[in-house]
Structures are given as structure tokens and as C-alpha cells.
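Results of the structural survey
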Amino acid sequence: MTLAVGTELTPVTKEVTQAKIDRYARAGGDGNPLHTDPAFAATTQFGGTIAHGMLVLAYLSEMLTANFGRAWPGGGRLKIRFKGPARPGDIVTALGRVVREEGGVAVCEVECRNQRGELLVSGEATAPAAGEGA
Amino acid sequence: MSVPALDELPKGYELPAFPFELSPDWVREYVASVEDEAIGEVDGDFVPPMAIAALALRALLEGARLPDGAIHLGQELEFVRPVRVGEKLHASARVVSRGERQGWVLSGVEMDVTAADGSAVMHGRATATMPAGGAT
């Protein structure tokens, strides 16, 4: 599908819970206690458990699949920085906008924010602009 | 067998390569855990692209332990082609940067995922910081 420059991508919103973090930890094999052990996490700079960065990126990736269809898993690129933690109880929204097109590739600014508008993830994603679609 | 912690690995260290399979059961559990409602709308029985990265990372953590308290700072990913449920892939990775400051290590790790025929499926680079000495 082709998305014009300036198009706001349809967002994806998810609620983060400790149960979801624990389930992702089991699936992803990442048992870092920062994510799964409230007692340990309370001793860290975060003061409590936080979601895996890769879990939050999964929400961003779902948004890109929903907007670009097969072009996302079939040629997409993502470059992001984690700006803040997603915590149990947060409502995370993945957002994006097509900012330019370069050689048949749509370049998007992407981010994730929580329900307070705090920036969690910021970066750039690209996908073939005229992919096969969903 | 104990494996080294990521914070101990020098620049240039090659992590042991690992094969892995995107089995239907694992993909089902992954999709449920991230609540991905979009990939099912794409024709072709493909896995969410982040599932490739997640399972490759899981395979590589067989060869290098992530210290408790490690923090993921940044991520770059390139998905070369869609991957179908059930495909068998191969992950390899290397430490491409390492710095240490005030008791924390900053490491960059590049990862490549290839298919059985050796063709590229995914490239990635992760940046993470963690307590030096694998503190817990």
C-alpha cells in the first residue's frame, strides 16, 4: 500500500500489565528481574518493574504492519532510542507519520507515548512505499 | 555450563551462533504475549517481524548472559524478507562496541539472522547498558 507524505499512521494502543510483562518474559526468554521481580526492581533507578523494550517495540511493529502490510516485514527498517520506561498500568500508544519518500521508500517518524504523554520510544522507520499490502 | 556475562565481553567478541525455529506453538505464544492483531491480516502465515528479533535474542542469550539490571537503550532492525511460521533460522552476533564509565558498561551488539540456505533474513544492532561485573 502507498501512504502519502504527511499521512498520520493509524495508531496502536495497548495496556501494559505485570502479567503481560511476565508472559513476554517467558516467551522471549528474558528473565531480567528488572522486568519480573518487583523487589529487585524497587532497588533500581526505576523504582519498580518496567516492560521489556522489545515488548514496547512489538507494539510499534504492529502499528507498522497494520499500516504497511507485507511491506513492513518484507523490507522494513527501524532505528529507535528508548527515552523512558513503560510501567505496569501504563497505556502505551504507538504513533507515526510519513515525513518523506526516498526512492520508493516511505520514511516515518515513529514514537511511543504513555497515557501522560511521556515519550517512551522515538525514532525512524522506513518501509517500501508501494508494498504488496495486507 | 556457565556462560559469560555480556558486560565482560570485549569489542570484537563473537557470540556462539545458534539455530532456532519459529515453531507454531512458540509463535502463537509470542503473538498472544504482544497481542499482535495486525500480522494475522497479512496473507501468507507470516510471523511478526519482532518475533524474529525476540527469538534470535533468546537463542543468543544461550551464549552470553544478560546481567541483572541491564537496560536496553537503542535498537536498529532491518527486516530483509517476511518469515513464515515454522521456518528454521540461524542467529549470529558480535560485540561491536564496549565502553565503561562510573561502574556501568555500554555495549553495542550486532546480530544477523539467516535462513537455512544462508540468505539474509534480518540484521540488527542493539545498544545496552549494564552494571559492570554483572552486579545483581
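Everything numeric in this text was worked out from a predicted model, so none of it was measured.

1. Comments concerning the overall build of chain A
On a plain count of helices and strands, chain A comes out with four helices and five strands. For chain A, the succession of helices and strands along the chain, N to C, is β-α-α-α-α-β-β-β-β. Seen along its three principal axes, the alpha-carbon backbone of chain A occupies a region of about 50 × 30 × 20 Å. Sorting the 134 residues of chain A into buried and exposed places 51% on the buried side. Across chain A, the fraction of contacts at a sequence separation of at least 24, relative to all contacts at a separation of at least 6, is 65%. Carbon and sulfur atoms form 48% of the exposed surface of chain A, whose accessible area is close to 5,400 Å². If you average the places of the 14 positive and of the 14 negative side-chain charges in chain A, the two averages end up 2 Å apart.

2. Considerations on the nonpolar core
By size, the foremost hydrophobic cluster in this structure holds 73 residues, and its most contacted members are Leu60(A), Phe68(A) and Leu22(B). Examining the composition of this core, we find that ten residues originate from one element, helix H4 (residues 53–68) of chain A, more than from any other. With sequence-adjacent residues up to four places away left out, Leu22(B) is seen in contact with Val27(B), Val47(B), Ala51(B), Ile52(B), Leu55(B), Val83(B), Val85(B), Gly86(B), Glu87(B) and Leu89(B). In this structure, Phe40(A), Phe46(A), Ile50(A) and Ile71(B) belong to the second largest nonpolar core, which totals six residues.

3. What about the interface of chain B and chain A?
Between chain B and chain A, the contact holds 40 residues from the first and 40 residues from the second. Counting the surface lost from both chain B and chain A, the interface buries some 3,400 Å², and carbon and sulfur atoms represent 60% of this. Of all residues in chain B, Glu35(B), Met50(B) and Phe79(B) give up the largest surface area on contact with chain A, accounting jointly for 15% of the area buried on that side. The interface formed by chain B and chain A includes three salt bridges. Where Arg23(A) meets Glu29(B), a salt bridge forms, and the shortest distance between an N and an O atom there is 2.7 Å. For the pair chain B and chain A, the number of links is 15 residue pairs in polar contact (both at pLDDT 80 or more). Those elements that place two or more of their residues in the side of chain B that touches chain A are helix H1 (24–34), helix H2 (49–60) and strand S2 (71–79) of chain B.

4. Quick notes on H1(B)
All of the buried residues in H1(B) are Trp26(B), Val27(B), Tyr30(B), Ser33(B) and Val34(B). Down the axis of H1(B), the sector holding all buried residues measures 130°, keeping them to one side. Turned more than 90 degrees from where H1(B) packs its buried face, Asp25(B) and Arg28(B) sit exposed. As for H1(B), its buried residues are in contact with strand S1 (12–15), helix H1 (18–28) and H4 of chain A together with H2 of chain B. After H1(B) finishes, the residue Glu35(B) shows a positive phi value of roughly 55°.

5. Here we look at the packing of aromatic side chains
Residues and elements named next belong to chain B. Per the stated rule, a full pass over the model turns up three aromatic pairs over all chains. Taking 5.3 Å as the distance between ring centres and 25° as the angle between the ring planes, the aromatic pair formed by Trp26 and Tyr30 counts as stacked. Of this pair, Trp26 and Tyr30 both sit in helix H1, separated by four residues, roughly a single helical turn. Note on Trp26: relative accessible area 12%, which makes it buried.

6. Quick notes on the confidence of the model for chain B
On average, residues of chain B score 91 in pLDDT, and 97% of them reach the 70 mark or higher. Both confidence scores are given for the complex: pTM 0.93, ipTM 0.92.

7. Regarding the packing of H4(A) against H1(B)
Packing of H4(A) against H1(B) brings their axes to within 10 Å, and their N-to-C directions diverge by 90°. Taken together, H4(A) and H1(B) sit at an angle that is classed as roughly perpendicular. For the pair H4(A) and H1(B), contact is made by Leu55(A), Ala58(A), Tyr59(A) and Glu62(A) and by Tyr30(B), Ser33(B) and Val34(B), respectively. Residue composition of the contact of H4(A) with H1(B), by class: five nonpolar, one polar and one charged.

8. Examining unusual backbone geometry
Residues and elements named next belong to chain B. Even without glycine at this site, Asp45 takes up a positive phi of about 55°. Position of Asp45 relative to the elements: it lies in the loop between H1 and H2. Asp45 gets classed as exposed once you look at its relative accessible area, which sits at 52%.

9. Remarks on the side chain of Asn32(A)
Relative to the helices and strands, Asn32(A) resides in the loop between H1 and helix H2 (33–36). By relative accessible area, Asn32(A) is classed as buried at 4%. At a separation of 3.1 Å, a polar atom in the side chain of Asn32(A) contacts the main-chain carbonyl oxygen of Ala70(B).

10. Observations regarding H4(A)
Here H4(A) spans 22 Å end to end across 16 residues, near enough to the 22 Å set by a 1.5 Å rise per residue. Two residues or fewer past H4(A), Gly69(A) is found with a positive phi of approximately 60°.

11. Some thoughts on the sheet that holds strand S3 (residues 91–102) of chain A
The strand order S1(A)-S3(A)-S4(A)-S5(A)-S2(A)-S2(B)-S5(B)-S4(B)-S3(B)-S1(B) describes an open sheet built from ten strands, whose pairing is antiparallel. Each end of this open sheet is capped by a strand with a single partner; those strands are S1 of chain A together with strand S1 (14–21) of chain B. Between one strand axis and the next, the sheet turns through 15° on average, direction left out of account. Relative to the sheet, H2(B) contacts S1, S2, strand S3 (88–101), strand S4 (104–115) and strand S5 (120–131) of chain B, its axis offset from that of S1(B) by approximately 125°.

Criteria and thresholds
- Along each chain, the written sequence defines residue order, and numbers are assigned to residues from 1.
- Following the order in which they are written, the chains are lettered starting with A and the ligands numbered starting with 1.
- Reporting of local features is limited, given that this is a predicted model, to residues whose pLDDT is at least 70; pairs of side-chain atoms are given and counted only at 80 or more, and all residues count toward the totals for whole chains, interfaces and linings.
- Hydrogens and waters are ignored; side-chain quantities use all the structure's heavy atoms.
- Secondary structure elements follow DSSP: runs of H or I no shorter than four residues count as helices, runs of E no shorter than two count as strands, and numbering proceeds from the N terminus.
- We call a residue buried when its accessible area falls under 20% of the maximum for its residue type, exposed when it is over 50%, and partly exposed in between, using a 1.4 Å probe and counting protein chains only.
- We call two residues in contact when some of their heavy atoms are within 4.5 Å.
- Calculation of accessible area relied on Shrake-Rupley with a 1.4 Å probe; when residues are assessed, cover is drawn exclusively from the protein chains displayed.
- The positive count covers Lys and Arg only, the negative count covers Asp and Glu only, and His and the chain ends enter neither.
- Throughout, a charge is located at the NZ atom of Lys, the CZ atom of Arg, the CG atom of Asp or the CD atom of Glu.
- Throughout, nonpolar core names a set of buried Ala, Val, Leu, Ile, Met, Phe, Trp, Tyr and Cys residues whose side chains join them through atoms within 4.5 Å.
- Note: buried area is the sum, over both parts, of the accessible area (probe 1.4 Å) each one loses when the two are combined.
- Here, a salt bridge means any side-chain nitrogen of Lys or Arg that lies within 4 Å of a carboxyl oxygen of Asp or Glu.
- Whenever two N or O atoms come within 3.5 Å, that pair is a polar contact, provided that in protein one can donate a hydrogen and the other can accept it, and provided that, for residues adjacent in sequence, both atoms are side-chain atoms.
- It is the directions from the helix axis to the C-beta atoms whose arc is reported.
- The pairing test for Phe, Tyr and Trp rings, Trp by its six-membered ring, is centres within 6.5 Å, and the orientation test on the planes gives stacked under 30 degrees, edge-to-face over 60, and tilted for anything in between.
- In predicted models, pLDDT denotes the confidence assigned by the predictor to each residue on a 0 to 100 scale.
- Only the stretch in contact is used when fitting a helix axis, every axis being a line fitted to C-alpha atoms; angles between N-to-C directions are given from 0 to 180 degrees.
- The cut-offs work like this: below 35 degrees is roughly parallel, past 145 is roughly antiparallel, 65 to 115 is roughly perpendicular, and the gaps in between are oblique.
- When residues are grouped by polarity, Ala, Val, Leu, Ile, Met, Phe, Trp, Tyr, Cys and Pro land in nonpolar, Asp, Glu, Lys and Arg in charged, and all others, Gly among them, in polar.
- To estimate the expected span of a helix, subtract one from its residue number and multiply by 1.5 Å.
- DSSP-based pairing: two strands are paired if at least 2 bridges between them are found.

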